[in-house]
Structures are given as C-alpha cells and as structure tokens.
Amino acid sequence: MAFPVDLRRCQILGLAGTAFLAAGGETAGALPVRDLLHPASAGAALGLVAVYFGLVLLIAAWALLGRLVRGPRPPAPRALLLVLAVWATPLLLAPPLFSRDVYSYLAQGAMVDAHIDVYAHGPSQLGGPLAGEVAPLWRHTGAPYGPVFLAVAAALSALTRGELPAGLFGMRLVALAGVALMASALPRLARHSGADPSAALWLGALNPLVLLHLVAGAHNDAVMLGLLGVGLVAALGRWPILGAVLVTLAALVKAPAALGLAAVVVLQVRAGRSTAKALVTTAVAAAGTTVAATAAAGTGYGWIGALNTPVSPQNWALTTLLGRATRALLEHLGSDLAPLAIPAWHTLGVVTAGVAIVLIWLRLRPRPLYALGLSLAAVAALGPAIRPWYALWGLFLIAAAAPSTSVRHRMAAVTGVLALCVLPGGGPADTGQLVLAVSGGALAVVVLWQAHQAELAPALGHTA
C-alpha cells in the first residue's frame, strides 16, 4: 500500500526539515568566527545531527512532492511557489550553512566600497574583523566574480556599514531575489519547451540544492541563474535585445552564464531573423552592457584575468581527482612530470568541455534551452573546480527543457546525492563528524518509517 500523499503533508514535512536545518545551524553552521564551536563539543555535535535529520526530512518531502506532481492531479505552479516560500521561511534568519563564501562576498563588497582593487588583492588587504571571517584559502585571492555582483555587494556594504548580521541578512535577501527570478522564469521556459510547468518548478526551484545552497548558503549563483532565466524569457518574446542585456548581466555575476548568449542568438533565428543580424545585435548588446556595467561598478576589467582563480586543495572535481591520482603515480615512479599532472588534467577538462559544448549545439540546436542546460552541466562537470551548487547551473534549464521524465528522474537522483555531500560548517569532514551526520540522517529515516507504519495501521486493520 502506497504512502498517502497530499500537498499539505509535503508542505509540513519540508517545513519541519528546514526548521531542523535552521536550528542545527545555530551551533553547526558556517558561523562567525567568534561564535564557532569546537567540532567535538556537545553543541556542535547536536547541531550536526539536527542538520542531517532535517536534511533527510526535506529530501523526503521533495520526493513525495515529486510523486504528487507526476500524479493525475498535479498542483498548479502557484501552489508550488507557496510551498517554496513556506520551506524557505525558517532559513531566512538562520546562520550561513554549507559554505563560508558569503563572508567573502561581504569582504569583497567592502573592498570595492573602499576603492581597493578586488581583483589584484584578496580580503587580507581590507584587514579588520570582516577579512578574518573569510576562509584562509581565499584571504589572499582576488575575486573571481564579475562587476555586476561586486557592485551589488559594494552597495550592500555601504548600506550596512560593515555590520556583519545586517550584511549576512542583506546578502541572503539578494540570493532570495535571484531564486524568485528563477521561479518566475521556469514556467514560461517550460511551456516554450513543451514541458509541464509544475514539473519544471519542482525540479528547478524546489530542489533541495536551491534551498540548501542558494537560500541557506546565500550563493551568488542564485543571481546569475535568475538573470539568465528572465533574460531567456525576454528572448523568447519580442525583446531579444533585452534578453541579451539580461544574459550578459548574468555573465557579469559569474562567467558561465555567457553561454546563454548562444541561446539568445538561436531563439532570434528561430523567430525569423537572419543569422548575421541575430549575431550582430546580440554581440552589440552584450558588448555595450559589459562596458556600461563595468564603468558603473568602477572595478575595471580585472575580472577577466581573475577567471584563473586557483581552486581549493579539497576540491573534488573529476579532473582534479584524476590529476591527483596521476601525480601520485608519477611521484611513485620518480618522474619530474608529477607537478604538471593536475594542470594538464585541468587543461584537458576545459578542452573536453569545449568540444562537448560544440557537439551539443550541433545536435540540439532546435532545442536551445536544453542545449544550454547540457552545456552548463558540462562546464560544471569538467571544470577544474566543482561544488554541489554548481549542478544547478545546468539543472535549472534541464528542469524546464528536458525532453523526457527519465532525464528529470536522473537529475533528481543526482540532486539527492549532492545534497548530502557537504557539512553545514562548509569545511572538510572528519570521521566523528561523518558518524554524527549519518546518525542524524538515519534517525530521520527511522522517524519517517514509523510515521509510514502509523499511517498504514488503520487501513490494514480495517481491511482485516
């Protein structure tokens, strides 16, 4: 007998999940340095258990909601947007979770506000308590972000006057604005692609990775994807130049969104414009937007060189893992080529991603949104660095444009795995933390199973 599913049940279960996430984050999250607890302390241990307990509840709620979306009477997009708002509410005032990147954003914004070259210097140049919140690896590293995001961060720094709680809340509001743009764009993109808008919202906006990393983690990928989504919606309509402007603004947050300009060109050609005219208008709009945005931000063009920002030594991208294995083998053999192993694999990954993108567009040009989603997925998978939220780059558009439910099911499975891969403090895990995380998740599974049995008991007794 199947577990009974209704929208309210999913809403409450997911709300319980994010509430536990927020509560656990108070002691186990990516807290300000002055509030950090030792990982072995009772408070941090209890918080870690609570976070993974809530995480499994959230994933279960999302999976049950997926069954409802695929059922005979799926909820309307408006109802799903309400579910998203309910699930996100406990995270609004929670501490940062799963990453300390938001502290880097605030420090970089303060640097721009103080007229320090954010591409030539790391947050250590800023000094003060805010720089001390940045993860040690990034304190001496220039910003890898474009002028649009840095202008937003600088405005937020000026508005909050360097106050950390206000800055964190403001950066979360910026991320929420990006998520709102994503959610508003998905139904329109899905209808254009012949897909179910509710299914697109379920996978692309209510996805646990969105709540964990774009809302709770306040990552600027939300702004990038939100601008990319509304830019593509504009390009679908009668405003291809506006579409090119918005997509360029997305790329001036994070560079991968620049691939969206290819979709803008193809959409114009499909609407009846000549290829040459589509290319010229898109290029002119993109160039003009880049010049204007960079001048307005006052950051200069250092962001181009900053695209080579070094990756974390804990990074587990495919090419990095292969590079480490090759380096270890060469070191064992006594070869002088060992130091070149990781750079060589990174270069090969970038080249492979480029080839994959060309092949994708040659084959899927009639489906530009799906081609763009796959291209962004290739960049994330084959790039020199990867984080769980990078999966959202491609998933956002695959949710709207995938040609079959089987593709969405595979993406959903990947999401469930990636959601479990990062600790709430954002750092590497030791054995004790892994045990606590598994214990919290296992406890949630037990509770869900007991609830399932309690729901079935009356029905089974009646049948007997």
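Residues numbered from 1 in each chain as written. Predicted model: local features only at pLDDT ≥ 70, side-chain atom pairs only at ≥ 80, totals over all residues. Heavy atoms only, no water.

Visitor: Help me understand the overall build of the protein in this model?
Guide: Of regular secondary structure, the protein possesses 20 helices and zero strands. The C-alpha atoms of the protein give 23 Å as radius of gyration, which agrees with the globular expectation for 464 residues (23 Å, within 12%). With the C-alpha coordinates aligned to their principal axes, the bounding extent of the protein is approximately 70 × 55 × 55 Å. With 464 residues in all, the protein has 53% of them scored as buried. Here the protein carries 26 positive and 14 negative side-chain charges, and the mean point of each set is 17 Å from the other. (Helix = DSSP H or I, 4+ residues; strand = E, 2+ residues; numbered from the N terminus. Rg over C-alpha atoms; globule rule 2.2 N^0.38 Å. Buried < 20%, exposed > 50% of the residue type's maximum accessible area, 1.4 Å probe, protein only. Lys, Arg positive; Asp, Glu negative; His and termini not counted. Charge placed at Lys NZ, Arg CZ, Asp CG, Glu CD.)

Visitor: I tried to follow the pattern of salt bridges on my own but got confused; where do I start?
Guide: When charged atoms on two side chains of opposite charge get close, those side chains can pair. If you walk through the whole model with that rule in mind, you get three salt bridges. Among the salt bridges present, the one from K254 reaches D221, with a minimum N-O distance of 3.1 Å. One end of the pair, K254, is in the loop between α11 (240-251) and α12 (260-270); the other, D221, is in helix α10 (residues 221-236), and 33 residues separate them in sequence. The residues K254 and D221 share a single accessibility class, namely buried. (Salt bridge = Lys/Arg side-chain N within 4 Å of Asp/Glu carboxyl O.)

Visitor: How should a nonpolar patch on the surface be read in this particular structure?
Guide: A cluster of nonpolar side chains, V351, V355, V358, L359 and L362, forms an exposed patch at the surface whose accessible area comes to about 490 Å². Considering the arrangement of structural elements, one finds V358 in helix α16 (residues 341-364). By relative accessible area, V358 is classed as partly exposed at 49%. (Patch = residues over 30% accessible without salt bridge, like charges linked within 9 Å, V, L, I, M, F, W, Y side chains within 5 Å. Areas by Shrake-Rupley, 256 points an atom, 1.4 Å probe, with all protein chains shown as cover.)

Visitor: Could you clarify how one ought to interpret the environment of V102 in this entry?
Guide: Within the fold, V102 resides in helix α4 (residues 101-113). Between the C-alpha atom of V102 and that of R172, which follows or precedes it by 70 residues, the distance is 8.7 Å. Residues within four places of V102 in sequence aside, it is in contact with P96, L168, M171, G217 and A218. (Contact = heavy atoms within 4.5 Å.)

Visitor: What am I meant to see in α16 here?
Guide: Because the α-helix completes a turn every 3.6 residues, residues three or four places apart line up on one side. With 24 residues, α16 should cover 34 Å at 1.5 Å per step; its first-to-last C-alpha distance of 34 Å lies within 8% of that length. When α16 is considered as a whole, its buried residues turn out to be A341, I342, H346, G349, A353, I357, I360, W361 and L364. Summarising the contacts, the buried residues of α16 are in contact with α12, α15 (318-333) and α17 (368-382). (Expected span 1.5 Å × (residues − 1).)

Visitor: Help me understand the packing of helix α7 (residues 164-192) against helix α8 (residues 197-204) in this model?
Guide: Each pair of packed helices can be summarised by the angle the axes make with each other and by the distance between the axes. Look at α7 against α8: their axes get within 8 Å of each other, and the N-to-C directions meet at 140 degrees. Classified by the angle between their axes, α7 and α8 sit oblique to one another. Like other packed secondary-structure pairs, α7 and α8 cross with a definite hand, here right-handed. Across from M182, A183, L186, P187, A190 and R191 in α7, the residues of α8 making contact are P197, A200, L201 and G204. Of the residues belonging to the contact of α7 with α8, the class tally is eight nonpolar, one polar and one charged. (Axes fitted to C-alpha atoms, helices over the stretch in contact; angles between N-to-C directions. Parallel < 35°, antiparallel > 145°, perpendicular 65-115°, else oblique. Left-handed = near helix turned anticlockwise from the far one by under 90°. Nonpolar A, V, L, I, M, F, W, Y, C, P; charged D, E, K, R; others polar.)

Visitor: What exactly am I supposed to notice about the side chain of S193 here?
Guide: Residue position: S193 is located in the loop between α7 and α8. A distance of 3.1 Å separates a polar side-chain atom of S193 from the backbone oxygen of L189. Contact partners of S193, with chain neighbours within four places excluded, come to R367, L369, A400 and A401. (Polar contact = N/O pair within 3.5 Å; in protein donor to acceptor, adjacent residues only side chain to side chain.)

Visitor: What is the right way to read the nonpolar core from this model?
Guide: A general tendency of soluble globular proteins is for nonpolar side chains to be buried together. L65, W87, L189, L206, L228 and L232 are the most contacted members of the largest nonpolar core, which totals 141 residues. No other element matches the 16 residues that helix α2 (residues 42-69) contributes to this core. Excluding residues within four positions of it along the chain, L228 makes contact with V247, A250, A257, G260, L372, L376 and L397. (Core = buried A, V, L, I, M, F, W, Y, C linked by side-chain atoms within 4.5 Å.)

Visitor: How should the packing of helix α3 (residues 77-88) against α8 be read in this particular structure?
Guide: Orientation of α3 relative to α8, taken along the N-to-C sense of each, is 15 degrees, at an axis distance of 9 Å. Relative to α8, the element α3 lies roughly parallel. Where α3 crosses over α8, the two elements pack in a sense that is right-handed. Residues P77, L80 and L81 of α3 touch α8, and the partners they reach there are P197, S198 and L201. A class-by-class count of the residues in the contact of α3 with α8 yields five nonpolar, one polar and no charged.

Visitor: Which parts of the structure should I look at to understand the environment of G17?
Guide: Position of G17 among the secondary structure elements: in helix α1 (residues 7-28). Sequence separation of G17 and I59 is 42 residues, and the distance between their C-alpha atoms is 8.3 Å. Apart from the residues within four sequence positions on either side, G17 is in contact with G54, L57 and L58.

Visitor: It is not clear to me how helix α13 (residues 275-297) should be interpreted in this structure. Could you clarify?
Guide: Its 23 residues place the ends of α13 33 Å apart at the C-alpha level, agreeing with the 33 Å of an ideal helix rising 1.5 Å per residue. Taken together, the buried positions of α13 are occupied by A278, T281, T282, A285, A286, T289, T290, A293, T294 and A297. On its buried side, α13 packs onto α4, α6 (147-160), α11, α12 and α14 (302-305). In the stretch just after α13, G298 is the one whose phi turns positive, near 75 degrees.

Visitor: What is the right way to read unusual backbone geometry from this model?
Guide: You will see that H115, though not glycine, has its phi angle at about 60 degrees, which is positive. Tracing the backbone through its elements, the reader meets H115 in the loop between α4 and α5 (128-132). With a relative accessible area of 76%, H115 lands in the exposed category. The phi torsion at A218 lies on the positive side, around 55 degrees, for a residue other than glycine. Relative to the assigned elements, A218 resides in the loop between α9 (208-215) and α10. With relative accessibility at 5%, the residue A218 sits in the buried group.

Visitor: Would you mind showing me how to read the packing of aromatic side chains here?
Guide: Describing an aromatic ring pair means giving the distance of the ring centres and the angle of the ring planes. Applying the stated criterion across every chain yields a total of seven aromatic pairs. Between the aromatic rings of Y145 and F149, the centroid separation amounts to 5.7 Å while the plane-to-plane angle is 75 degrees, which identifies the pairing as edge-to-face. Residue classification places F149 among the buried positions, given a relative accessible area of 2%. Taking 4.6 Å as the distance between ring centres and 20 degrees as the angle between the ring planes, the aromatic pair formed by Y390 and W393 counts as stacked. Y390 sits in the buried class, given a relative accessible area of 17%. The exposure class of W393 is buried, given its relative accessible area of 5%. Put simply, the rings of Y105, Y145 and F149 touch in pairs and so form one group of aromatic residues. (Phe/Tyr/Trp six-rings, centres within 6.5 Å; stacked < 30°, edge-to-face > 60°.)

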